[in-house]
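# Structure assessment
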Amino acid sequence: MTYYRRGGDLARAEAARALANKHPAAATKYDRVDQTPKVYFPGLTAQRYWPSRNFEVVRRLEEAFADDVTRVAMMDDLDSLIRHNALKRLVSPSAPFRPPSKAANADGEGAWSELPLYDGREWDAEACALAPTLSRLLQTADGRALPELGAAPPPDSPRPNLCGTPVVATVLRLAPGANILPHCGVTNRRLIMQFALQGSEGVTFTVGDEPHSYGGDGHAIVFDDSFEHHVRHDGAEDRYVLFAILKHPDVEEGLYG
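Residue positions are counted from 1 within each chain, in the order its sequence is given. In keeping with the model being predicted, local features are shown solely for residues with a pLDDT of at least 70 and side-chain atom pairs are shown and tallied solely at 80 or more, while totals for entire chains, interfaces and linings include all residues. Side-chain metrics in this entry use all non-hydrogen atoms of the structure; hydrogen atoms and water are not considered.

With that out of the way, let us pick up the pairing of strand E12 (residues 239–247). Only protein chains enter the calculation, and the probe is 1.4 Å; a residue is then buried if its accessible area is under 20% of its type maximum, exposed if over 50%, and partly exposed in between. Every helix listed is a DSSP run of H or I at least four residues long, and every strand listed is a run of E at least two residues long, numbered separately from the N terminus. With eight of nine residues buried, E12 lies mostly within the body of the structure. Here strand E5 (residues 169–174) runs beside E12; their pairing, made up of six bridges, is antiparallel. Within E12, the residue paired with Leu172 across the bridge is Val241. Inspection of the sheet shows strand E7 (residues 190–198) paired to E12 by eight bridges, in the antiparallel sense. In the sheet register, Leu191 faces E12, and the bridge partner there is Leu246. At least two DSSP bridges between two strands are needed for those strands to be called paired.

Attention now moves to the pairing of E7. Of all nine residues in E7, eight are buried; the element is thus mostly enclosed. Examined bridge by bridge, E7 and strand E10 (residues 220–223) share four bridges and lie antiparallel to one another. Its bridge partner lying in E10, Ile192 is registered against Phe223.

Right, let's talk about the sheet that holds E5 for a bit. Ordered by their spatial adjacency, seven strands build an open sheet running E1-E10-E7-E12-E5-E4-E2, and the pairing between neighbours is antiparallel. Across the chains shown, the open sheet's two edge strands, defined by having one partner strand only, are strand E1 (49–50) and strand E2 (88–89). Strand contacts of helix H3 (residues 56–66): E7, E10 and E12, with the helix running at about 5 degrees to E7, the strand carrying the most contacts. Across the face of the sheet, helix H4 (residues 68–83) comes into contact with strand E4 (112–118), E5, E7 and E12 while running at roughly 90 degrees to E7. Two residues qualify as a contact provided that any one of their heavy atoms is within 4.5 Å of a heavy atom in the partner residue. The axes are straight lines fitted to the C-alpha atoms, using for helices just the contacting stretch, and the angles between their N-to-C directions are given from 0 to 180°.

So, about the environment of Asn21. Looking at the secondary structure, you find Asn21 in helix H2 (residues 10–22). A sequence separation of ten residues divides Asn21 from Asp31, and the C-alpha atoms of the two residues are 9.0 Å apart. Setting aside anything within four residues of it in sequence, one finds Asn21 in contact with Thr28, Lys29 and Tyr30.

Take a side-chain nitrogen of Lys or Arg and a carboxyl oxygen of Asp or Glu: if they are within 4 Å of each other, that pair is a salt bridge. Within the structure shown, the criterion is met by 14 salt bridges. Taking the shortest distance from any N to any O, the salt bridge between Arg12 and Asp9 comes out at 3.6 Å. Take Arg12: its relative accessible area is 49%, and that puts it in the partly exposed class. Between Arg48 and Glu210 there is a salt bridge, with the nearest N and O atoms lying 3.1 Å from each other. Here Arg48 is found in the loop between H2 and E1, whereas its partner Glu210 is found in strand E9 (residues 210–212), with 162 residues between them in sequence. By relative accessible area, which is 34% here, Glu210 ends up partly exposed.

Here is the structure:
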């Protein structure tokens, strides 16, 4: 199905999807040829991009960045992370990555790197100490995560993991010239927020066949990563974003647990 779709033969891709869905042992029955996560829940609203300001976390971050004092504190956090070489090389088995060069990806930091802040249950105290303002913007007044941030269910829960990853909030770096190649996320029960801190110019997201930019530093993209997507960095500076997994709004309203 993916082979035919990437080759531009949508008729054969749809035929492959229909045939697969008829198989009595099919574990997953997809509704679309461009949305094929490993764990798929039919009935959830499916759209590639979501209005970012519908989400409290985005409103909070964008308003903080627009404030001169808070923006300086956010940039001080980022400078602290860079100065301490806190972001480490990221390797994701589900997201193929093409660095700009072997040399750019050879050191400990790598061309694609991260510093996890929150795993769905606990905040990383050491990481949060290096980025106190960014961490605080993701938390409620009592230090808990904002309600819309994805959280893993208890270990004995029969439900599939909401996030599909042990990292819910993190800081990501992407070097100029790097590409994150086409892939789908783990499940359609989540959305992805990326808030541009620095170096967003020249970065293009493509979800399905829809390209999108951040709209400049201080702005966010919210997208459904269960659709096939990829990222190109054609800019000149390292891109730094605050990344968070959000609950799908239909899940928030009570569907699927």
